[in-house]
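For reference, the chains in residue letters:
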Amino acid sequence: MAIVKAWSPEKSKTELSKRLKRAKNYRERLEGQWKTNETTLYTSNSRPYSSTVLDEDMLVRLEGGESESPQSGDPTEMAVNYAWKFVRFNHSQMSANPPSVIARPTSTDLEDRVKADAADRICRHAYHDKDMQEVVDQASLKCLTYGTGWMKTVWDPDAGDSFEFDKVSSELTMTGDILVSCPSTWDIWIDPDAKCWRDVRYMFERIEMPEDEAMFRWEQHAEDIKKFLKSKGSSSD
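Residues numbered from 1 in each chain as written. Predicted model: local features only at pLDDT ≥ 70, side-chain atom pairs only at ≥ 80, totals over all residues. Heavy atoms only, no water.

Draft legend 1. Geometry of the overall build of the protein chain. Within the protein chain, the regular secondary structure consists of seven helices and six strands. Mapped from its N terminus to its C terminus, the protein chain presents α and β elements in the order α-α-α-α-α-β-β-β-β-β-β-α-α. In the protein chain, 51% of the contacts between residues at least 6 apart in sequence involve partners at least 24 apart. As presented, the protein chain carries roughly 18200 Å² of accessible surface, and 54% of it is formed by carbon and sulfur atoms. (Helix = DSSP H or I, 4+ residues; strand = E, 2+ residues; numbered from the N terminus. Contact = heavy atoms within 4.5 Å. Areas by Shrake-Rupley, 256 points an atom, 1.4 Å probe, with all protein chains shown as cover.)

The following block contains the structure:
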């Protein structure tokens, strides 16, 4: 029989720090390749990544005489980033065929057809309301660039429309809403011991927000937030 033991705040801080450190150490071996991929895709005149930069032999053939190979960064240098061209082509194909959800009745019964129609309407509403095309496009581009792209779906109790306002305590209660986003691959650290998705026990996400938003969300920890920002040498991020 399994026994559940609750962690104390001190234990939680220690264990989570250990897990984050292991996750960061594990991901370091991939980050070098990610940087190389970024340089390859997003630098048009980058040597040696631009395979179409005019070399010396090509210039000789074009000009009919001797010529020196242009140096990297020379304004006369011509380059076409074929890597980005191929990525854009593959990304356009993925964008044109995004994942889809279709609700179908399991029988010809009228009740099943009504339920399927209601489910289909919900899916179509969520597709447009959550801007799923944009989210999927971002995730697929990150997948092509880094080999991994993320989609995040959470319930945010502070989202949605305003539901109730307490004039005495100045507390605003929201209806809450489901949020769908595509976090940066650089901002996610995953369980290094997992061999497949079902084995993932935990993951970390780096979330950046302005100081005023942090103060608004966690007013009771205002002093700790100020100390943290001061230690980082910034008071605005």
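Let us keep going from here.
Draft legend 2. Fine view of the packing of aromatic side chains. Under the counting rule described, the total for this entry stands at seven aromatic pairs. Relative to W84, the ring of Y42 has its centre 5.5 Å away and its plane inclined at 55 degrees; by these criteria the two rings are tilted. With a gap of 42 residues between them, Y42 in helix 1 (residues 9–42) and W84 in helix 3 (residues 82–96) connect regions that are remote in the sequence. Look at Y82 and F86: their rings are 6.0 Å apart centre to centre, the planes differ by 20 degrees, and that puts the pair in the stacked class. Here the residue Y82 and the residue F86 both occupy positions in helix 3, the gap between them amounting to four residues, near one helical turn. Linked through ring pairs, W34, Y146 and W186 together constitute an aromatic cluster. (Phe/Tyr/Trp six-rings, centres within 6.5 Å; stacked < 30°, edge-to-face > 60°.)

Draft legend 3. Representation of the environment of K226. By the secondary structure assignment, K226 is in helix 7 (residues 222–231). Taking C-alpha positions, K226 is 8.6 Å from E211, a pair spaced 15 residues apart along the chain.

Draft legend 4. View of the confidence of the model for the protein chain. With 83% of its residues at a pLDDT of at least 70, the protein chain reaches an overall mean of 84. For the stretch residues 58–62, pLDDT sits under 50, and the model shows 10 contacts to residues farther than four places along the chain or on other chains. (pLDDT = per-residue confidence, 0-100.)

Draft legend 5. Local environment of the environment of Y146. In this fold, Y146 is placed in helix 5 (residues 132–146). If near-sequence neighbours (up to four positions away) are discounted, Y146 is found in contact with W34, N37, E38, T185 and W186. Separated by 2.5 Å, the side chains of Y146 and E38 make a polar contact. (Polar contact = N/O pair within 3.5 Å; in protein donor to acceptor, adjacent residues only side chain to side chain.)

Draft legend 6. Region of interest: a nonpolar patch on the surface. On the surface, a cluster of nonpolar side chains totalling about 290 Å² of accessible area is made up of V80, Y82 and F86. Judged by relative accessible area, Y82 falls into the partly exposed class, the value being 35%. (Patch = residues over 30% accessible without salt bridge, like charges linked within 9 Å, V, L, I, M, F, W, Y side chains within 5 Å. Salt bridge = Lys/Arg side-chain N within 4 Å of Asp/Glu carboxyl O. Buried < 20%, exposed > 50% of the residue type's maximum accessible area, 1.4 Å probe, protein only.)

Draft legend 7. Examining the side chain of N81 more closely. Secondary-structure assignment places N81 in the loop between helix 2 (56–63) and helix 3. Residue N81 is classed as buried on the basis of its relative accessible area, which comes to 12%. A polar contact of 2.8 Å, which involves the side chain of N81, links it to the backbone oxygen of T40. A distance of 3.2 Å separates a polar side-chain atom of N81 from the backbone nitrogen of A83.

Draft legend 8. Expanded view of the layout of surface pockets. In this structure, the largest pocket occupies an estimated 600 Å³ of space. Lining of the largest pocket is provided by 14 residues; of these, I207, M209, A214, W218 and F228 occupy positions nearest its centre. At the level of elements, helix 6 (211–217) and helix 7 are the ones that each hand at least two residues to the lining of the largest pocket. Residues of the lining of the largest pocket, tallied by class, amount to eight nonpolar, one polar and five charged. (1 Å grid on protein atoms, 1.4 Å probe; cavity = no way out; pocket = protein on both sides within 12 Å on 5 of 7 lines; lining within 4 Å. Points joined across faces, edges and corners; volume = space filled by probe spheres on them. Nonpolar A, V, L, I, M, F, W, Y, C, P; charged D, E, K, R; others polar.)

Draft legend 9. Looking closely at the pattern of salt bridges. A full pass over the atoms with the stated rule returns 14 salt bridges. Among the salt bridges present, the one from R27 reaches E31, with a minimum N-O distance of 2.9 Å. Taken together, the residues R27 and E31, both in helix 1 and four residues apart, mark about one turn of the helix. The pair formed by R27 and E31 is uniform in burial state, with each residue classed as buried. For D120, the salt bridge is made with R124, and the minimal N-O distance between the two is 2.9 Å.

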